[in-house]
Amino acid sequence: MLEPLRQGLPPIDPSAVAGSASCALPARYEAVGGARKFTRTTLTSWDLGDHFDDVALVVSELVTNALRHALPADAARERQDTSVRLHLMRWTSRLVCAVRDPSRKGPVTGEAPDSAESGRGLFLVESFSDSWGWHPSPVPAGDKAADGLGKVVWALFRLTDHPAPECPVTVDALPDRR
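So, a few notes on the structure that sits alongside this text.

Cut-off values and rules
- Residues numbered from 1 in each chain as written.
- Predicted model: local features only at pLDDT ≥ 70, side-chain atom pairs only at ≥ 80, totals over all residues.
- Heavy atoms only, no water.
- Axes fitted to C-alpha atoms, helices over the stretch in contact; angles between N-to-C directions.
- Helix = DSSP H or I, 4+ residues; strand = E, 2+ residues; numbered from the N terminus.
- Left-handed = near helix turned anticlockwise from the far one by under 90°.
- Contact = heavy atoms within 4.5 Å.
- Nonpolar A, V, L, I, M, F, W, Y, C, P; charged D, E, K, R; others polar.
- Buried < 20%, exposed > 50% of the residue type's maximum accessible area, 1.4 Å probe, protein only.
- Salt bridge = Lys/Arg side-chain N within 4 Å of Asp/Glu carboxyl O.

1. A word on the packing of helix 1 (residues 31-45) against helix 2 (residues 52-69)
Part 1 of the reasoning: Where helix 1 contacts helix 2, the two axes come as close as 9 Å, and the packing angle between them is 145°. For the pair helix 1 and helix 2, the sense of crossing is right-handed. Judged by residue contacts, Ala31, Val32, Ala35, Arg36, Thr39, Arg40 and Leu43 of helix 1 engage Phe52, Val55, Ala56, Val59, Ser60, Val63, Thr64 and Leu67 from helix 2.
Part 2 of the reasoning: Across the contact of helix 1 with helix 2, the residue classes break down as 10 nonpolar, 3 polar and 2 charged.

2. With respect to the pairing of strand 1 (residues 19-25)
Part 1 of the reasoning: Most of strand 1 is tucked away: 7 of the 7 residues are buried.
Part 2 of the reasoning: Every second residue of strand 1 is oriented toward a common face, with Gly19, Ala21, Cys23 and Leu25 on one face and Ser20, Ser22 and Ala24 on the other, all of them buried.

3. Topic: the pattern of salt bridges
Part 1 of the reasoning: A full pass over the atoms with the stated rule returns 2 salt bridges.
Part 2 of the reasoning: The partner of Glu30 in a salt bridge is Arg28, with the nearest N and O atoms 3.8 Å apart.
Part 3 of the reasoning: Here Asp101 ties to Lys151 by a salt bridge, and the two come within 2.9 Å at their closest N and O atoms. Of this pair, Asp101 sits in strand 3 (residues 94-101) while Lys151 sits in strand 5 (residues 149-158), placing them 50 residues apart in sequence.
Part 4 of the reasoning: Taking relative accessible area as the criterion, Lys151 reaches 6% and is therefore assigned buried.

4. Some remarks on unusual backbone geometry
Part 1 of the reasoning: One non-glycine residue, Asp47, adopts positive backbone phi at about 60°.
Part 2 of the reasoning: Checked against the element boundaries, Asp47 lands in the loop between helix 1 and helix 2.

Structure, rendered in structure tokens:
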């Protein structure tokens, strides 16, 4: 999942991750609020609470896009196993939020009319993060996703004045619903 983050940036050593947290999200729009709460709790525990507003806006947009565009629209969606997952990863000088979903179809930036109530999500992601992108990714074993493949959409935030904690922390705050 980290390889595309290396483009145009100094090398990222996956073993140098100072903290990581991940949560499974149910296939319901109420999950966006849960993703923001998870982000607040995680950033606060990493002493990055002052970044919450920008990161939460980006997380909200990425999760909303995954729920709106990457999951089947049929009624059985409510009963599906969770197939959208939020990952937060922290290095000394970077924070990455990534959302994995079961669709291989890449996100598309569009132009929304001034009167539109939606359609500006990726513009906001681009505006509030330092960089963003996506790449195809195999869905981990156990997830039930179409064709067994998916994608990860990520946004990177540069951290300039926040030293990383001395010991790595891994959190999986919400269990998979299986």
